[in-house]
Amino acid sequence: MNQIINIIKALQGENSTNEKVAILKANKDNELLKKILYYTYNPYMKYKITEKSLDKMQIDDVIIKGIYIGDIFNLMDELNKNNINDYLRGRVQMFLQGKDKKLQDFYKMMLLKDLRCNISAKTINKVWKGLIPQFNVMLASKYWDSMDRVEGKEFIVTTKLDGSRMVAWKESGIFKAFTRQGQEVLGLAEIEEDFINIPDNIVLDGEILLRNDNDLESKDLYRATMKEVRKDGEKHSLIFNVFDILPLNEFQEGKSKLSCKDRKKILHNLLNGKDLKHIIEVKPLYVGKDTNKIIELLDNAITNGEEGVMVNLSDAVYECKRTKTILKVKKFNEADVKVIDMTEGTGKNKGKLGMITVQFEHKGKLWTTGIGSGFSDNERELYWNQPDILLNKIVTVGYFEISSNANGGYGFRFGTWKSIIRDDKDEISMY
DNA sequence: CAAACACTCTGGGGTTCAAAC
DNA sequence: GTTTGAACCCCAGAATGTTTG
C-alpha cells in the first residue's frame, strides 16, 4: 500500500496530464493500483461518506470496541451495498482506528472517491481502456459564446424543454432507460408500452416532462416533473419528448454516421402516424440559415413561458460529449442584491471565499440565496481576506429564474457572480 | 503561436429517501 | 412528526494543460 501512496503522491506533484498518464502507464501491471482506482472512481459505487461526516467521526478521540475484519475493499463493498447508518459509520471508524495517519488519510480519500491528484475516469481509461464505466450523451454549448458557429450554415431550431434528460432503447426486446449520468430510470411502464412501436437497438434521446395537464408555467412544470422523476416505484404521466435517434452500436461507440437533418427525418418517419401516448417528437420550428430567426424564436419561447430554444447544425453527427454543433439559447436575468454573508470554500477554495449569501426581493418580501459560481481565484482570495469590500454592499448578479421550493421559499436558479459592485446605490432591486 | 479543445474542479437550488432525533 | 445527510436532477463558470490550424 505504501508503494501505491507514493504513486499517487507522484501524480499529485505533476501538473502535466500527459505525465500523469505516463506515470499510470509505467504502473499498468500493478493490480492493486488498478483495483484502487476502480473502487475510487467507479461512479456506480457509492460509499455515502462525505468530508463532513468523516470529520464528525474523530477517529482517534473515540475508540470503538472491536476490530474490523477485512480490507478497504470489503469495507467499500459493505458501504456500497447498504444504506448508510450509524452502524456502518461505526464500521468505518473501526476500520480506520489504529492505522497510521498517512494510511488513514489515503483510505479517507478512497472513501470520498477523490485521490486529489486531478485525475478522473477519462484519464484513467486512457491507460486501462474501459476500466471505469462511463456514460456520455451529446451535450450542447452556449449559443452566446459560439454564435459564429452557425453563420452561413444551415441549422434546425427546436424548443428547449426544461425537464430531465433521458436516453432509452430496447435490447433483445428489453426496455432500458438512463439519465444523463447513466443512472437507470425504472418505473416507466407507460413509456415502455409505447416502445412496442420502436425496433430493437435504436436509441431515442430526449427529455422527459410531466404531461402539462394543469397548464403550469415552465418552472412549475419542471418542479412537478422532478417530483415524479425522482420518486421510487411506478412513475405516471411522464412524456418522453424525443429530439434525436441513432443506432445503439453507434451510441456505444460515441458517434453517429448520419447527420442531424437525416436523423431528425428518420425520427419523424418512425414516430409519425403511430398511436403513441407517452412518446412525442420534438418538432423543428425552423430549418434554414437565417440567424435572425433564432432570436425571434427565442423571444417567442420566452413569451410562451418556455426555457429557450436549441440550435442544431444540420450536417452535424451525434457525438457523446459536449459539442458546439448543438447550441442552447437561453435568456438570463440580472438583479441588484445585498451581500449579507460569506462562506468559506472547500477543497482548492479552502481559506478562500466559497459563496456569498445575498438578499433579494420577491412578491413584496425579502429572501436569501447563495451565489458561488463565477468568482475568479483572485476574487475568492481578495474577498475572503477583505470581507468589507463585499459585506452589506449592493452587487449585480445573474440568474436564470426565481425558483420556488416546497417550504414556500424562493431562490435564484443558476445564480452567478458578475464582478459588479454597485457603489452608486444601496437599494435592492429586480429588473 | 494563438485559438480551440479537453479535462478537472468548485459553486448554486431543489427534490426524494432513509436514518436519526 | 420533523430534521438531517446523501444522492442526483437541473446546471454555471474558472483554470490549466494539450492539440490543432
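For the structure itself, look to the data block above.
Residues numbered from 1 in each chain as written. Chains lettered and ligands numbered in written order. Predicted model: local features only at pLDDT ≥ 70, side-chain atom pairs only at ≥ 80, totals over all residues. Heavy atoms only, no water.

Among the 38 residues in the neighbourhood of DNA strand B, the closest are listed as Asp 86, Thr 123, Arg 223, Thr 346 and Met 355. Counting only the atoms of DNA strand B that lie within 4 Å of the protein, the sugar and phosphate share comes to 97%. Between a base oxygen of DNA strand B and a side-chain N or O atom of Arg 230, the distance comes to 3.2 Å. Taking Asn 349, its side chain carries an N or O atom lying 2.9 Å from a sugar or linking oxygen of DNA strand B. Contributions of two or more residues to the surface near DNA strand B are made by helix 8 (121-127), helix 10 (218-230), strand 14 (353-362), strand 15 (365-371), strand 17 (401-404) and strand 18 (410-413). When residues of the surface near DNA strand B are assigned to their parent elements, the largest contribution, 4 residues, is made by helix 10. Tallied by class, the residues present in the surface near DNA strand B amount to 8 nonpolar, 17 polar and 13 charged. (Near = heavy atom within 4 Å. Polar contact = N/O pair within 3.5 Å; in protein donor to acceptor, adjacent residues only side chain to side chain. Helix = DSSP H or I, 4+ residues; strand = E, 2+ residues; numbered from the N terminus. Nonpolar A, V, L, I, M, F, W, Y, C, P; charged D, E, K, R; others polar.)

To describe two helices that pack against each other, one gives the angle between their axes and the distance between the axes. Taken N-terminus to C-terminus, the directions of helix 1 (residues 2-12) and helix 3 (residues 31-41) make an angle of 65 degrees; their axes are 10 Å apart at the nearest point. Helix 1 and helix 3 meet at a crossing whose hand is right-handed. Residues Ile 4, Ile 7 and Ile 8 of helix 1 pack against Leu 32, Leu 33 and Ile 36 of helix 3. Looking at the contact of helix 1 with helix 3 residue by residue, the classes come out as 6 nonpolar, no polar and no charged. (Axes fitted to C-alpha atoms, helices over the stretch in contact; angles between N-to-C directions. Left-handed = near helix turned anticlockwise from the far one by under 90°. Contact = heavy atoms within 4.5 Å.)

In summary, soluble globular proteins display a tendency toward joint burial of nonpolar side chains. In terms of nonpolar packing, the biggest core is built from 44 residues, with Leu 37, Ile 72, Val 92, Phe 106, Met 110 and Leu 115 touching the most fellow members. If you list the elements that add at least two residues to this core, you get helix 1, helix 2 (17-26), helix 3, helix 4 (51-57), helix 5 (72-81), helix 6 (86-96), helix 7 (101-111) and helix 8. Among the elements that make up this core, the one with the highest residue count is helix 7 (6 residues). Other than its neighbours up to four places away in sequence, Leu 115 contacts Ile 8, Gln 12, Ile 36, Leu 37, Thr 40, Tyr 41, Phe 106, Met 109 and Met 110. If you look at the next biggest cluster of nonpolar residues, it comprises 25 residues, including Leu 221, Ala 224, Val 242 and Leu 276. (Core = buried A, V, L, I, M, F, W, Y, C linked by side-chain atoms within 4.5 Å. Buried < 20%, exposed > 50% of the residue type's maximum accessible area, 1.4 Å probe, protein only.)

The residue Lys 264 is located in helix 12 (residues 260-271) in this model. Buried and without a salt bridge, Lys 264 has Asp 244 as its closest oppositely charged side chain, separated by 5.5 Å. In this view, Lys 264 contacts Ile 156, Thr 158, Phe 243 and Asn 312; residues no more than four positions away in its chain are not counted. (Lys, Arg positive; Asp, Glu negative; His and termini not counted. Salt bridge = Lys/Arg side-chain N within 4 Å of Asp/Glu carboxyl O.)

So, on to a nonpolar patch on the surface. A contiguous nonpolar patch, built from Trp 144, Met 147 and Ile 295 and spanning about 260 Å² of accessible area, is present on the exposed surface. Following the sequence through the fold, Trp 144 ends up in the loop between strand 1 (139-142) and strand 2 (155-160). (Patch = residues over 30% accessible without salt bridge, like charges linked within 9 Å, V, L, I, M, F, W, Y side chains within 5 Å. Areas by Shrake-Rupley, 256 points an atom, 1.4 Å probe, with all protein chains shown as cover.)

Let us now look at unusual backbone geometry. Positive phi, normally seen in glycine, also occurs at Lys 48, with a value near 55 degrees. When you line up the elements, Lys 48 lands in the loop between helix 3 and helix 4. You can call Lys 48 partly exposed: its relative accessible area is 34%. A positive phi angle is found at Asn 201, which is not glycine, with a value near 60 degrees. You can see Asn 201 is positioned in the loop between helix 9 (189-194) and strand 5 (202-210).

Before going further, it helps to spend a moment on the protein's contact with DNA strand C. Around DNA strand C there are 35 residues in total, and Ser 16, Lys 46, Lys 48, Arg 165 and Ser 373 lie nearest to it. Between DNA strand C and the protein, one listed contact pairs a phosphate oxygen with a side-chain N or O atom of Thr 179 at 2.9 Å. Here a base nitrogen of DNA strand C sits 2.7 Å away from a polar atom, N or O, in the side chain of Ser 373. Of the residues that constitute the surface near DNA strand C, the class distribution is 5 nonpolar, 15 polar and 15 charged.

Per the stated rule, a full pass over the model turns up 20 aromatic pairs. Between the aromatic rings of Tyr 143 and Trp 144, the centroid separation amounts to 5.2 Å while the plane-to-plane angle is 70 degrees, which identifies the pairing as edge-to-face. For Trp 144, a relative accessible area of 41% gives the class partly exposed. Relative to Tyr 410, the ring of Trp 367 lies with its centre 5.1 Å away and its plane at 75 degrees, an arrangement referred to as edge-to-face. (Phe/Tyr/Trp six-rings, centres within 6.5 Å; stacked < 30°, edge-to-face > 60°.)

A separate point is the packing of helix 1 against helix 7. Contact geometry for helix 1 and helix 7: axes closest at 11 Å, N-to-C directions at 65 degrees. Taken as axis vectors, helix 1 and helix 7 run roughly perpendicular relative to one another. Judged by the twist between their axes, the crossing of helix 1 over helix 7 is left-handed. For the pair helix 1 and helix 7, the contacting residues are Asn 2, Ile 4, Ile 5, Ile 8, Lys 9 and Gln 12 in the first and Lys 102, Leu 103, Phe 106 and Met 109 in the second. (Parallel < 35°, antiparallel > 145°, perpendicular 65-115°, else oblique.)

What follows concerns the sheet that holds strand 10 (residues 308-313). One open sheet holds the 5 strands; their spatial order is 1-12-10-2-9, and the pairing between them is mixed. Every interior strand has two partners, whereas the edge strands, strand 1 and strand 9 (286-288), have only one. Sheet twist, expressed as the average angle between the axes of neighbouring strands with direction ignored, equals 35 degrees. Direction of pairing for strand 2 relative to strand 10: antiparallel, over a ladder of 6 bridges. Paired with Thr 159 across the strands is Val 309, a residue of strand 10. Those strands touched by helix 12 are strand 2, strand 9 and strand 10, and its axis lies near 55 degrees from that of strand 2. Packing of helix 13 (residues 292-303) onto the sheet brings it into contact with strand 2, strand 9, strand 10 and strand 12 (322-330), and relative to strand 10 it is tilted by some 150 degrees. (Pairing = 2+ DSSP bridges.)

Right, let's talk about the sheet that holds strand 4 (residues 174-178) for a bit. Overall, mixed pairing links the 5 strands, which are arranged 4-3-5-6-8 in an open sheet. This sheet does not close on itself; its edge strands, each paired only once, are strand 4 and strand 8 (279-281). Going across the sheet, the axis of each strand differs from the next one's by a mean of 35 degrees, ignoring polarity. Along the sheet, helix 10 makes contact with strand 3 (164-171), strand 5 and strand 6 (238-247), crossing strand 5 at roughly 115 degrees. Each of strand 5, strand 6 and strand 8 touches helix 12; the most contacted strand, strand 6, lies at about 130 degrees to it.

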